[in-house]
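# Examination of the molecular architecture
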Amino acid sequence: MTIADSGHEMMMTMMENGAVSSLPLTPSQEKQIVSDLTAKANSNLKEDDLFFVVSRRWYRAWERYVGEDMDEDSIVQRSTRARAADLPKTTVDRPGPIDNSNLVVNSKDEGNDHLELITSLEEGHDYVLVAEEVWNKLVDWYAGGPPLPRKLILQGLMPQNFIVEVYPLRLKVTDSRDGSQTVIRLSRKASIRELYERVSAMKGLEQYKVSLRDYFNEIKCSELTNFDQTLEDANLLMDQDILLETIVKEDSSLGQGCDYTGNELALVTMEPARSALTIAGGPTLSNGSTSYTSNFNIGSSFGSSIADTDGYDSFGSMRKGERGGLAGLQNLGNTCFMNSALQCLVHTPPLVEYFLKDYSDEINKQNPLGMHGELALAFGELLRKMWSSGRSTIAPRQFKGKLARFAPQFSGYNQHDSQELLAFLLDGLHEDLNRVKQKPYIEMKDSDGRPDEEYAAECWKNHRTRNDSIIVDICQGQYKSTLVCPVCNKISITFDPFMYLTLPLPSSMTRTMTVTVFYGDGSGLPMPYTVTVSKHGCWRDLCMALSAECCLRSDESLLLAEVYEHKVYKFLDIPLEPLSSIKDDEYIVAYRVPKKRVGLKRLEILHQFPDRSILDNLKVNERKFFGMPLVTYVTEEIETGADIYSVVKHVLSPLRKTCVTSSRAHFDDENCSTTELGDEMITSDSQVATGNGPMSVREDLSSREISFTLFVTDERAYNVKQVEEDYILKPGQCLRVVLDWTQKALELYNFSFLEDIPVVYKAAAKKTRQETLTLFSCLEAFLKEEPLGPDDMWYCPHCKEHRQATKKLDLWRLPEILVIHLKRFSYSRYLKNKLDTFVSFPVHNLDLSKYVKCKDSSGLSHVYDLYAVSNHYGGLGGGHYSAHAKLIDENRWYHFDDSHVSPASEDDIKTNAAYVLFYHRVR
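Residue indices begin from 1 for each chain and proceed along its sequence in written order. Reporting of local features is limited, given that this is a predicted model, to residues whose pLDDT is at least 70; pairs of side-chain atoms are given and counted only at 80 or more, and all residues count toward the totals for whole chains, interfaces and linings. Side-chain numbers here rest on the full set of heavy atoms in the structure, without hydrogens or water.

## Some details on the sheet that holds strand S21 (residues 510-519)
For clarity, the threshold we go by: Note: two strands are recorded as paired if DSSP finds a minimum of 2 bridges between them. Labels follow the DSSP assignment, with helices taken as runs of H or I lasting at least four residues and strands as runs of E lasting at least two, numbered in each case from the N terminus. Under this scheme, a helix contributes an axis fitted over its contacting stretch, all axes are lines through C-alpha atoms, and angles between N-to-C directions fall in the 0 to 180 degree range. Contact definition: two residues touch when any of their heavy atoms are within 4.5 Å.
Ordered in space as S22-S21-S25-S23-S24, the five strands form an open sheet in which the pairing is mixed. Looking at which strands have only one partner, the edges of the open sheet turn out to be strand S22 (527-534) and strand S24 (567-571). Geometrically, the sheet is characterised by an average inter-axis angle of 45° between neighbouring strands, direction not taken into account. Running at roughly 130° to S22, helix H16 (residues 539-549) makes contact with S21, S22, strand S23 (556-564), S24 and strand S25 (587-594) of the sheet.

## With respect to the environment of Lys209
As for its placement among the helices and strands, Lys209 is situated in the loop between helix H6 (192-203) and strand S11 (210-214). Each C-alpha atom of the pair Lys209 and Ile247 lies 4.7 Å from the other, and the pair is 38 residues apart in sequence. Ignoring anything within four residues of it in the chain, the contact list for Lys209 reads Glu245, Thr246 and Ile247.

## Some points on the environment of Arg60
What counts here: Residue exposure (1.4 Å probe, protein chains only): buried if accessible area is under 20% of the type maximum, exposed if over 50%, otherwise partly exposed.
The topology assignment puts Arg60 in helix H3 (residues 56-65). On the basis of relative accessible area, Arg60 is assigned to the partly exposed category, the value being 27%. A sequence separation of 68 residues divides Arg60 from Val128, and the C-alpha atoms of the two residues are 9.5 Å apart.

## What about the nonpolar core?
Short version of the rule: Residue types Ala, Val, Leu, Ile, Met, Phe, Trp, Tyr and Cys, when buried and joined through side-chain atoms within 4.5 Å, form a set referred to as a nonpolar core.
Phe355, Phe379, Phe399, Phe424, Leu425 and Phe918 are the most contacted members of the largest nonpolar core, which has 59 residues in total. Ranked by size, the runner-up nonpolar core spans 58 residues in total, among them Trp141, Leu148, Leu231 and Leu332.

## What about the pattern of salt bridges?
Our working definition: By salt bridge we mean one thing: a side-chain nitrogen of Lys or Arg within 4 Å of a carboxyl oxygen of Asp or Glu.
Tallied over the entire structure, the rule returns 35 salt bridges. With its nearest N and O atoms 2.8 Å apart, the salt bridge here joins Arg397 to Asp214. Linking Arg397 in helix H11 (residues 397-406) with Asp214 in strand S11, this pair joins segments that are 183 residues apart in sequence. A relative accessible area of 1% means that Arg397 is categorised as buried. With relative accessibility at 2%, the residue Asp214 sits in the buried group. Through salt bridges that share partners, Glu362, Arg435, Arg464, Asp468 and Asp473 make up one connected network.

## Section: the packing of aromatic side chains
Counted only if it meets this: Under the pairing criterion, centres of Phe, Tyr and Trp rings, with the six-membered ring standing for Trp, must be within 6.5 Å; the plane angle then separates stacked pairs below 30 degrees from edge-to-face pairs above 60, leaving the rest tilted.
Counted by the stated rule, this structure contains 22 aromatic pairs. For the pair Tyr564 and Tyr569, a centre-to-centre distance of 6.3 Å together with 80° between the ring planes defines the contact as edge-to-face. Among the residues examined, Tyr564 registers a relative accessible area of 9% and is labelled buried. Assessed through its relative accessible area of 33%, Tyr569 is described here as partly exposed.

Below, the structure is given as structure tokens:
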């Protein structure tokens with residue numbers, strides 16, 4: 001055991017014995033203890049484990065203290081300006097007591113000892129969750145609070161996930177005796193029996209005298225009698241009403257009844273029994289119990305006059321002359337994303353036709369990838385209600401309950417992404433309605449040089465052999481994917497199905513960068529160039545773009561460098577380093593240097609302010625640099641200080657004011673040549689290599705006046721030594737000199753070319769006209785050939801290694817319903833972004849013929865009309881979703897904003913909020 005291991009084991013033993021709190025701990029020890037306790041808790045999760053909500057503001061201060069500052073702001077700052085080599089490390093103060101006051105409301109709920117959290121807090125932004133053991137240690141070290149414990153629950157059915165229930169259900173109990181309301185909180189996983197116990201204790205009533213009824217939207221719904229059912233399975237939602245009724249002893253005039261304990265009781269108020277609701281072989285719902293039936297009677301199903309459990313008026317009560325498909329959906333608490341997605345799907349003509357018929361024979365309850373048909377039944381039932389309820393508002397409680405069971409990521413009451421929900425629903429509906437009960441095993445074969453038409457047909461046939469549903473029939477297409485190995489040129493072709501197209505917005509894929517290019521041999525003035533490169537590209541891409549823009553010759557190459565505090569901070573010499581490491585406010589320069597640099601010495605020239613005191617006192621803290629450094633390469637013939645002076649003067653020659661004036665007069669024709677530099681410039685017999693070859697300059701210094709002084713320095717420019725004429729260069733690959741400018745030298749040279757250098761990107765001061773893209777430009781960006789990212793390497797079967805191959809996509813087969821997702825949101829570990837760019841998309845006659853590579857004889861049209869749009873307004877972490885949908889039979893558009901439905905025009909549809917577009921084929 002090493003000393004470090006021994007110390008760690010001793011600390012863990014003391015921690016387990018409770019002795020750590022009495023000892024002063026270092027930040028690293030606190031960090032290690034929290035890390036170990038967190039790992040231990042996460043390795044043994046079980047239901048009802050306690051986690052504690054901690055203010056992210058306080059926790060971030062603690063992370064900085066222990067050296068784990070990974071918040072977004074600090075990362076950006078460190079990546080741009082916190083240079084470890086140049087800036088001293090600073091100590092961080094120990095945080096004060098834990099302070100969760102910014103998370104809670106300044107009141108307690110009646111009948112509940114827990115403090116109420118502010119609604120809509122976001123994990124990672126407003127708070128973090130720590131295990132109970134971690135919380136105990138933090139309180140032991142720092143005290144404070146208040147404690148905000150929350151239980152771990154098991155959410156979902158397939159798959160099941162552990163989640164911390166940060167916001168338990170908040171229910172409003174209305175007492176029918178006096179109309180008073182009381183708020184209680186219970187876990188969504190609590191049983192109906194626990195609800196009865198809490199209400200009885202709160203009201204001081206015996207349980208057998210209490211009857212609770214679902215009172216959603218203040219409409220009397222079913223009585224809660226299934227005492228083993230969870231609140232979630234009973235479709236009870238956040239902030240909904242529960243009706244409390246008392247039960248009295250029955251008299252002889254009342255019918256017999258008994259509670260779950262066997263006591264004979266009678267209700268004060270009785271509601272008529274609910275009629276069974278049967279849809280396409282789905283569950284018959286009656287008083288909260290569920291059973292499956294194969295009956296199908298649309299007439300009786302929609303003739304009920306009793307309020308539905310979803311809390312809306314009879315969906316069979318359409319007024320004469322009303323059309324279906326105009327029902328709104330109630331927002332159940334940040335469910336506008338769900339309502340938007342559902343409105344688009346329930347207005348998809350083939351799905352409407354399918355689910356209004358008897359689809360019971362196609363429900364696949366045995367599919368292990370499906371949801372036993374329950375999702376399809378829930379969706380079909382909801383669609384029928386929405387097409388049979390006129391303009392009524394429907395509360396999709398049962399559907400949300402099913403969604404929470406099978407997709408835990410959409411449970412709770414946080415805002416989610418409508419496209420992610422659409423992807424889940426389309427895939428889930430497909431699996432629930434897959435006509436293939438037993439999927440056969442099919443071994444996929446390579447193309448082996450076969451014609452694309454033959455191989456594509458084989459891949460599609462294999463796919464349909466395992467996947468055959470209404471969703472595949474209308475929503476799935478096929479695209480061709482071509483990968484090419486950059487080393488051996490191996491080509492791999494596959495044909496894959498798609499359910500929707502996710503199109504990038506070109507403005508989100510590219511980046512504008514400005515780089516100033518310097519002539520390393522002093523043959524021209526520095527020139528800034530602005531290029532457009534892939535946002536996810538690498539340094540090599542930037543170098544290639546600049547090379548083309550500045551007309552780099554075949555014997556030249558570009559040496560990219562990042563300049564910080566007027567010195568070369570680093571050379572960008574790793575070709576595959578991502579461009580994301582370069583920030584917009586940084587200075588990036590490029591030097592035109594010889595392509596063949598073997599045996600040459602790099603000379604870096606820094607510039608120092610004209611300050612006579614520096615010549616007398618060469619301390620580093622008095623050295624002031626300015627301007628951009630210059631870089632050139634010299635031959636082995638440069639041996640003495642006199643040679644260095646000649647080279648530096650030659651590199652500076654384009655900045656001579658006589659040359660600058662001349663060059664500006666014909667700047668577009670050619671740059672200054674060394675023969676135009678005046679009497680002090682190097683003569684034509686100074687043996688300067690033409691073009692950007694290495695410098696080999698010799699000049700008699702006695703024949704000219706020295707207008708500046710040079711100092712040899714080290715990598716950090718800390719130590720300096722004045723360069724005399726007889727100075728002998730030391731061997732090495734790099735020489736750094738500091739040019740100490742005199743006032744006279746500054747009068748001879750136009751130094752603005754080295755000072756007025758632009759940053760990589762500077763946003764316009766005034767708001768420019770909103771950028772406009774077309775749907776076709778987004779599609780072309782999606783289909784454009786591009787290299788795979790470093791994290792998405794392809795295994796080349798020929799090289800037997802992972803390669804950064806190029807990938808090209810082509811559309812091969814288009815579906816009847818084409819769903820297009822505009823990729824407005826981008827996420828990384830620390831940064832989130834939304835693009836509000838307006839994308840111009842056609843409402844009629846979207847012609848994709850030229851993008852489809854398959855030239856079959858099926859005669860299917862590649863022209864589409866728009867019929868629905870899912871919109872997102874606002875920013876990340878919130879915002880609002882709505883939908884536009886067209887009733888095709890009456891050729892009219894409507895805006896569906898949760899429960900509000902209103903007519904809309906085609907001009908209303910075209911906004912920068914358009915997020916998911918739904919097209920249908922024009923036959």
